[in-house]
Amino acid sequence: MSSALTDLFPLPIVQAPMAGGVSVPTLAAAVAEAGGLGFLAAGYKTADGMYQEIKQLRGLTGRPFGVNLFMPQPEHADAAAVDVYAHQLAGEAGWYETELGDPDSGRDDGYEAKLAVLLDNPVPVVSFHFGVPSAEVLDSLRRAGTFTLVTATTSEEARAVERAGADAVIAQGVEAGGHQGTHRDHPETDGTGIGLLSLIGQIRESVGIPVVAAGGLMRGSQIAAVLAAGASAAQLGTAFLVTPESGASPVHKQALTNPLFARTGLTRAFSGRPARGLVNRFMREHGPYAPAAYPEVHHLTSPLRKAAAKAGDAQGMALWAGQGHRMARELPAGQLVEVLAAELAAAGTALSERQIGGAGR
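Computed from a predicted structure; not experimentally measured.

Cut-offs and rules
Residues numbered from 1 in each chain as written. Predicted model: local features only at pLDDT ≥ 70, side-chain atom pairs only at ≥ 80, totals over all residues. Heavy atoms only, no water. 1 Å grid on protein atoms, 1.4 Å probe; cavity = no way out; pocket = protein on both sides within 12 Å on 5 of 7 lines; lining within 4 Å. Points joined across faces, edges and corners; volume = space filled by probe spheres on them. Helix = DSSP H or I, 4+ residues; strand = E, 2+ residues; numbered from the N terminus. Nonpolar A, V, L, I, M, F, W, Y, C, P; charged D, E, K, R; others polar. Phe/Tyr/Trp six-rings, centres within 6.5 Å; stacked < 30°, edge-to-face > 60°. Buried < 20%, exposed > 50% of the residue type's maximum accessible area, 1.4 Å probe, protein only. Pairing = 2+ DSSP bridges. Axes fitted to C-alpha atoms, helices over the stretch in contact; angles between N-to-C directions. Contact = heavy atoms within 4.5 Å. Salt bridge = Lys/Arg side-chain N within 4 Å of Asp/Glu carboxyl O. Parallel < 35°, antiparallel > 145°, perpendicular 65-115°, else oblique. Left-handed = near helix turned anticlockwise from the far one by under 90°.

1. What about the layout of surface pockets?
Here comes step 1: The volume enclosed by the largest pocket comes to roughly 1,100 Å³.
Here comes step 2: Taken together, 49 residues line the largest pocket, and the ones lying closest to its centre are Met18, Ala19, Gly20, Val22 and Trp320.
Here comes step 3: Breaking the lining of the largest pocket down by element, the ones donating at least two residues are strand 3 (65-70), strand 4 (125-129), strand 6 (168-172), strand 7 (178-179), strand 9 (233-236), helix 11 (238-241) and helix 14 (296-311).
Here comes step 4: Considering every element that reaches the lining of the largest pocket, the biggest residue donor is helix 14, with 6 residues.
Here comes step 5: Tallied by class, residues from the lining of the largest pocket come to 22 nonpolar, 24 polar and 3 charged.
Here comes step 6: Its boundaries defined by the atoms lining it, the second largest pocket holds a volume of some 350 Å³.
Here comes step 7: Forming the walls of the second largest pocket are 19 residues, and the residues nearest its centre are Thr153, Thr154, Thr182, Thr189 and Thr192.
Here comes step 8: Grouping the amino acids of the lining of the second largest pocket by side-chain chemistry returns 4 nonpolar, 11 polar and 4 charged.

2. So, the packing of aromatic side chains
Here comes step 1: On inspection of all chains with the given rule, the structure shows 5 aromatic pairs.
Here comes step 2: Here phenylalanine 70 and phenylalanine 130 contribute two aromatic rings whose centre-to-centre distance is 4.9 Å and whose plane-to-plane angle is 45°, an arrangement assigned as tilted. Note that phenylalanine 70 is positioned in strand 3 and phenylalanine 130 in the loop between strand 4 and helix 7 (135-143), a separation of 60 residues in sequence. Across the pair, phenylalanine 130 and phenylalanine 70 agree in class, each one buried.

3. Quick word on unusual backbone geometry
Here comes step 1: The step from tyrosine 294 to proline 295 runs through a cis peptide bond, and the omega angle for that step is 10°.
Here comes step 2: Turning to its location among the elements, proline 295 is positioned in the loop between helix 13 (281-286) and helix 14.
Here comes step 3: Located in the positive-phi region is tyrosine 44, a residue other than glycine, with phi close to 70°.
Here comes step 4: Note on placement: tyrosine 44 falls in the loop between strand 2 (38-41) and helix 3 (47-60).
Here comes step 5: For phenylalanine 130, which is not glycine, the phi torsion reads 75° and is therefore positive.

4. Some remarks on the sheet that holds strand 6
Here comes step 1: If you walk across this open sheet you meet the 8 strands as 1-9-8-6-5-4-3-2, and the pairing is parallel. If you trace the sheet from one side to the other, it starts and ends with strand 1 (13-15) and strand 2, each paired once. Sheet twist, expressed as the average angle between the axes of neighbouring strands with direction ignored, equals 25°.
Here comes step 2: As paired strands, strand 5 (residues 147-152) and strand 6 are joined by 4 bridges and run parallel to one another. Considered in strand 6, the bridge of valine 150 is made with valine 169.
Here comes step 3: Lying over the sheet, helix 2 (residues 25-33) contacts strand 1 and strand 2, oriented at roughly 165° with respect to strand 2.
Here comes step 4: Strand contacts of helix 7: strand 4 and strand 5, with the helix running at about 165° to strand 4, the strand carrying the most contacts.

5. Brief notes about the pattern of salt bridges
Two side chains that carry opposite charge are able to pair once their charged atoms sit near each other.
Here comes step 1: This structure, assessed with the given rule, holds 12 salt bridges.
Here comes step 2: Here arginine 107 makes a salt bridge to glutamate 296, at a shortest N to O gap of 2.2 Å. In this pair, arginine 107 sits in the loop between helix 5 (90-95) and helix 6 (111-120) while glutamate 296 sits in helix 14, placing the two residues 189 residues apart along the sequence.
Here comes step 3: With relative accessibility at 9%, the residue glutamate 296 sits in the buried group.
Here comes step 4: Put simply, glutamate 285 and arginine 281 hold a salt bridge, and the shortest N to O gap is 3.1 Å. Pair noted here: glutamate 285 and arginine 281 are both in helix 13, with a separation of 4 residues, about one helical turn.
Here comes step 5: Among the ionic contacts, a cluster of salt bridges with common partners joins Asp139, Arg142, Arg143 and Asp167.

6. With respect to the packing of helix 3 against helix 6
Here comes step 1: Remark: helix 3 packs on helix 6, axes separated minimally by 9 Å, with the N-to-C direction vectors making an angle of 30°. On the basis of the axis angle, helix 3 is roughly parallel to helix 6. Here the hand of the crossing between helix 3 and helix 6 comes out right-handed. Of the residues in helix 6, those in contact with Ala47, Met50, Tyr51 and Ile54 of helix 3 are Ala113, Lys114, Val117 and Leu118.
Here comes step 2: By residue class, the composition of the contact of helix 3 with helix 6 is 7 nonpolar, no polar and 1 charged.

Structure below.
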């Protein structure tokens, strides 16, 4: 791993930034204090909201941490398709006694304003999702002393990340919960994502920058596997979602290990972009008809998701989760980092013993 990154946190464990109120300062601080890299999710927040969370996090820990930004999205959505989907969701609005959201509520997620804050008040690490920032942006952050990471879901995307000048790439396998960080949203590629171990290998052979592995990781032995495959660190999201420090709703946390939700699936139902979550009624009924329209569909369904959460109705919520969700452990975040580190060490010891045993034959 690049020494610039290893110097920031002693354990190769990164807490994934989970937007929507999950990755709160208390969670990031607990992970950082335990030796991992905690992350705040700036997605769906205002620039000031992000700044206030950074201030709060700095009051909780002096350890390094990261902030994640969503890249602005190009205008390519079919307005007519969004209107048709809105009509389909009318029954949901009636059921939850709320109005549908305005699909034209904004496309850039306050990107420029957030960048300005992060350049005026630099943080140790900034990561990007849904595309590659310009070389000028990455260079400005580097000059400010910030280490930069960008998500990639293919080796081609990883090469684009390296060309732009990012310090490291996050290899996001198809197993990952939440939104796939594809750089371009092409419906014809739905369901063609690459598994994490294969992706790490492909990216390691394509770029020279460090790789952080993300996607379905829940145990220290899995962290050991991705490190052996060539990753420099592992990013875990769903594993931290059920911790008491997480800002996820109790309904979401309980659903992860509820036998009623036996599997995950990729869907456009809630946001218009492929995202992995627990398969529920909303996903089954609306997923096949949701258009490729992000963030229009996200804005459209936002009031529905909030109303479902308020009603405690898991069948109407976006229950983002990775494929390893049934392995979630309800431990305090700091303790979870310690357990993962112990499992990682045990996996390394077991591997060494097998190698020694094999050499002795």
